[in-house]
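# Observations on chain architecture
Each chain, written out:
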Amino acid sequence: MLTRGSEGIVDWELSREIAQLQLDSFIEDGEYSESAELWQLPIGIYNKDGEIRYYEFRIIDEGEVIAAIAINAQESLGGPVAYVFSMKGYYDSLMDLYKNGTLSENEIPRIIDNVYPNYVVASSEIKRSGDITFDRLLSPENGEEVEGVDVLVSTEDFIKENPELFSEEEKAEKLEEISNYREDNCDFWKTAKEYKGRMGSFVFRGKTKNTRKELDANLLREAIKISFRRTKENPRGRTIPRSYGACGATASGFILDYLDAMEKNVSEWSKINDLETRKSELRKALSIADKSNITWPWNLSGAVSKFSDYKVTSSSFWPKKSINNNIPGISLRSLKLTSWEDLTGGFHYRNVIAYKEEGWGIFKWDYIKIFDGNNCDDGWEAYNPLWHVSSYNVVKK
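Summary of the structure given here. It should be emphasised that the depicted structure is a prediction, and the values quoted were computed from it without experimental measurement.

Attention shifts here to the overall build of the chain. Looking only at helices and strands, the chain has 10 helices and 15 strands in total. Surface exposure of the chain reaches about 18,700 Å², of which carbon and sulfur atoms provide 45%.

Rendered as structure tokens:
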């Protein structure tokens, strides 16, 4: 069921128009071939309460699903585009659930946001009122029932519950950024609805900015190879960084691996030839407590500073300085949350390897490209301070 007309719900036809504009832009950038196109209809991604959360438009090329553009389906949740990422689709996972008897032929599956693009499958029922209820939540990996789904924690809630993590100046700056973003967002959706059906001619009427900066692809590949080679492993076809366990350790470790590839020798880091020793050294340098995976923001520079001539410095949403100097940056976003007491799953560090800006005024599109060794996130994410907490540049000491 495609939702349209409800207060604050984005018309799916308008969302497709926006998705097409973005696909055209990424084709122009060389991200996809000129033969790539959108599916006519989106797949609805719902939240745990049965409300539409994203419209997911598949990108197909030569009959194969290669990627997706996810559009926010509720105006209050942010600007139009949420994610642009590679994917193969859900068909195989769903068919397996039918084949093994987990789902019966008369059950309608729904894709449920589990900190998207992670998801669970729900057996659903549509009421006469049009409301959707979920009977069961199923793991797409094994078909087992799951008790619940993980949800994003907003930056505002994160700050409210953890005021000690930020200076008064940082809190004021972030809250002002969120307030300004909401105002721009309201203006965007109002204008977009007025120009539905002719968005393209309006979006490119102004003085269009088109900036894209990305790290050296050869260095990225070499950094991944080196990280495994140092620990005497041979990962065939590995395309994302090595995981060093905790997300702060993984993000810091990849920066050191990248500097190792770029400068050929990063202090003592390149001499550590054992994976467990590397993990231990990263945890110590980042002051990660025993039985915890939390890297506190004020400790994030520890590993990079200890093992290289660089340091990590706080930035705005965009780690532009890093990217402009051909070095990965870091982004911190709120993720799932299961405990305010110990911040279990409370936030997630990811490496940033590119940024992209285009458009003008309220019709501007800003993205960062995520490179996540822990494989929680990957691909392009749109600027949205409602969910992103901080960014960090890697600079010379």
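From this point on, the discussion continues.
Let us now look at helix α4 (residues 168-194). Its 27 residues place the ends of α4 40 Å apart at the C-alpha level, agreeing with the 39 Å of an ideal helix rising 1.5 Å per residue. Turning to α4, its buried residues number three or more, namely K171, K174, I178, Y181, N185, F188, W189, T191 and A192.

This part takes up the pairing of strand β12 (residues 347-360). Within β12, 13 of the 14 residues are buried, leaving the element largely enclosed by the surrounding structure. Where strand β11 (residues 329-334) meets β12, 6 bridges bridge the pair, whose relative direction is antiparallel. Residue pairing across strands places I330 opposite N351, the latter belonging to β12. Pairing analysis gives 9 bridges linking β12 to strand β13 (residues 363-371), with the strands arranged antiparallel. From the neighbouring strand, A354 faces β13, where its bridge partner is K369.

Once that is clear, we can look at the nonpolar core. Core analysis: the biggest nonpolar cluster contains 39 residues, and I18, Y32, Y55 and I69 have the highest contact counts within it. Elements with a contribution of two residues or more to this core: α1 (12-28), β3 (52-61), β4 (64-72), β5 (81-86), β7 (119-126), α4, β13 and β14 (378-382). Tallying contributions element by element places α1 first for this core, with 8 residues. In this structure Y32 touches L23, F26, I27, I59, I66, A67 and V84, once residues within four positions along its chain are discounted. Grouped together as the second largest cluster of nonpolar side chains are 25 residues, Y181, L219, Y258 and I323 included.

Below, the discussion takes up a negative patch on the surface. A surface patch of negative charge is lined by E169, E170, E173 and E176. Tracing the backbone through its elements, the reader meets E170 in helix α4. Note on E170: relative accessible area 30%, which makes it partly exposed.

This part is about the pattern of salt bridges. Applying the stated criterion to the full structure yields 22 salt bridges. We note a salt bridge from K48 to D49, for which the minimum N-O separation is 3.7 Å. Between K306 and E281 there is a salt bridge, with the nearest N and O atoms lying 3.2 Å from each other. Here E281 lies in helix α8 (residues 275-285) and K306 lies in helix α9 (residues 302-307), a separation of 25 residues in the sequence. Here K306 falls in the partly exposed class, since its relative accessible area comes to 48%. Given a relative accessible area of 17%, E281 falls into the buried group. What you see here is one network of salt bridges that share partners, running through D29, E31, R212, E214, K356, E358 and K369.

The subject of this paragraph is the pairing of β3. Counted residue by residue, β3 has 10 buried out of 10 residues, so it is predominantly covered. Where strand β1 (residues 37-38) lies against β3, 2 bridges are found, and the strand directions are antiparallel. Along β3, the bridge assignment pairs L38 with I59. Bridge count for strand β2 (residues 43-46) against β3 is 4 bridges, and the pairing is antiparallel.

Taken as a whole and judged by the stated rule, the model has 18 aromatic pairs. Between Y181 and Y383, the aromatic rings sit 5.5 Å apart at their centres with planes inclined by 85°, giving edge-to-face as the arrangement. In this pair, Y181 sits in helix α4 while Y383 sits in the loop between β14 and β15 (388-396), placing the two residues 202 residues apart along the sequence. You can call Y181 buried: its relative accessible area is 10%. One aromatic cluster is present, formed by F26, Y32, Y367 and W380 through successive ring pairs. In this structure, R242 is placed above the aromatic ring of F228, and the distance from its NZ or CZ to the ring centre is 4.1 Å.

Moving on, we come to unusual backbone geometry. Here the residue pair Y116 and P117 is connected by a cis peptide bond, since its omega of 15° sits within 30 degrees of zero. If you trace the backbone, P117 turns up in the loop between β6 (108-113) and β7. Unusually for a residue other than glycine, K291 sits at a positive phi of about 60°. Assessed through its relative accessible area of 90%, K291 is described here as exposed.

Definitions and limits used
- Residues numbered from 1 in each chain as written.
- Predicted model: local features only at pLDDT ≥ 70, side-chain atom pairs only at ≥ 80, totals over all residues.
- Heavy atoms only, no water.
- Helix = DSSP H or I, 4+ residues; strand = E, 2+ residues; numbered from the N terminus.
- Areas by Shrake-Rupley, 256 points an atom, 1.4 Å probe, with all protein chains shown as cover.
- Expected span 1.5 Å × (residues − 1).
- Buried < 20%, exposed > 50% of the residue type's maximum accessible area, 1.4 Å probe, protein only.
- Pairing = 2+ DSSP bridges.
- Core = buried A, V, L, I, M, F, W, Y, C linked by side-chain atoms within 4.5 Å.
- Contact = heavy atoms within 4.5 Å.
- Patch = residues over 30% accessible without salt bridge, like charges linked within 9 Å, V, L, I, M, F, W, Y side chains within 5 Å.
- Salt bridge = Lys/Arg side-chain N within 4 Å of Asp/Glu carboxyl O.
- Lys, Arg positive; Asp, Glu negative; His and termini not counted.
- Charge placed at Lys NZ, Arg CZ, Asp CG, Glu CD.
- Phe/Tyr/Trp six-rings, centres within 6.5 Å; stacked < 30°, edge-to-face > 60°.
- Lys NZ or Arg CZ within 6 Å of the ring centre and 35° of its normal.

Any functional reading would require information that these geometric values do not contain.
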